[in-house]
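Summary of structural features
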Amino acid sequence: MSILIKPIITEKATNDSELFNRFTFVVDKKANKLEIKGAVEATYGVSILSVKTLNYPIQRNTKFTKKGLVTGVKSGYKKAVVQVAEGESIDFYNNL
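Here is a short report on the structure shown in this document.

So, about the nonpolar core. By size, the foremost hydrophobic cluster in this structure holds 16 residues, and its most contacted members are Phe25, Ile36, Val40, Ile48 and Ile90. Of all the secondary-structure elements, those providing two or more residues to this core are strand S2 (22-27), helix H2 (33-44), strand S3 (48-56) and strand S6 (77-84).

This part is about the packing of aromatic side chains. Overall, the coordinates contain 5 aromatic pairs when judged by the stated rule. Relative to phenylalanine 92, the ring of phenylalanine 23 lies with its centre 6.0 Å away and its plane at 85 degrees, an arrangement referred to as edge-to-face. Of this pair, phenylalanine 23 sits in strand S2 while phenylalanine 92 sits in the segment after S6; the two residues are 69 residues apart in sequence, bridging distant segments of the chain. Among the residues examined, phenylalanine 92 registers a relative accessible area of 22% and is labelled partly exposed. Put simply, the rings of Phe23, Phe25, Tyr44 and Phe92 touch in pairs and so form one group of aromatic residues.

A separate point is unusual backbone geometry. Backbone geometry places asparagine 21, a non-glycine residue, at a positive phi of 60 degrees. By the element assignment, asparagine 21 lies in the loop between helix H1 (11-20) and S2. Judged by relative accessible area, asparagine 21 falls into the buried class, the value being 13%.

Once that is clear, we can look at H1. Listing the buried residues of H1 in full gives Ala13, Asp16 and Ser17. Seen end-on, H1 carries its buried residues on one side only, within an arc spanning 95 degrees. Turned more than 90 degrees off the buried face of H1, the exposed positions are Glu11, Lys12, Glu18 and Leu19. Those residues of H1 that are buried are in contact with S2. Asparagine 21 lies just past H1 and shows a positive phi near 60 degrees.

Let's shift gears to the sheet that holds S2. Taken together, 4 strands build an open sheet; the order of strands is S1-S2-S6-S3 and the sheet is antiparallel. Of all strands in the sheet, those bounded by a partner on one side alone are strand S1 (4-7) and S3. Across this sheet, the average inter-strand angle for adjacent strands is 30 degrees, counted without regard to direction. Strand direction decides the pairing type here: S3 and S6, joined by 8 bridges, are antiparallel. Opposite serine 50, over in S6, you have glutamine 83 as the bridge partner. Packed onto the sheet, H2 meets S1, S2, S3 and S6 and runs at close to 120 degrees relative to S3.

Calculation criteria
Residues numbered from 1 in each chain as written. Predicted model: local features only at pLDDT ≥ 70, side-chain atom pairs only at ≥ 80, totals over all residues. Heavy atoms only, no water. Core = buried A, V, L, I, M, F, W, Y, C linked by side-chain atoms within 4.5 Å. Buried < 20%, exposed > 50% of the residue type's maximum accessible area, 1.4 Å probe, protein only. Helix = DSSP H or I, 4+ residues; strand = E, 2+ residues; numbered from the N terminus. Phe/Tyr/Trp six-rings, centres within 6.5 Å; stacked < 30°, edge-to-face > 60°. Arc of directions from axis to C-beta. Contact = heavy atoms within 4.5 Å. Pairing = 2+ DSSP bridges. Axes fitted to C-alpha atoms, helices over the stretch in contact; angles between N-to-C directions.

In structure tokens, the structure reads:
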């Protein structure tokens with residue numbers, strides 16, 4: 001079971017990483033903060049100061065169209081914001 005699913009690379013997350021040394025990941029829904037901290041430290045070789053997690057619920061929507069009632073589902077996920085120690089950084093682009 002992999003705890004880290006993928007890094008989140010958006011404008012807001014990139015700005016956070018440049019200014020405040022915080023990096024954002026999509027993680028397994030059942031992972032706790034200690035497991036996330038250990039996985040990031042093992043994968044990227046950095047020391048972690050804090051981990052903040054956010055659970056996003058499943059989003060359901062319904063639309064009335066010419067074809068009738070159309071429903072859609074967007075899956076839920078768990079996001080982790082990781083604070084890295086001063087002077088250390090995570091480079092997501094070195095393996096491309």
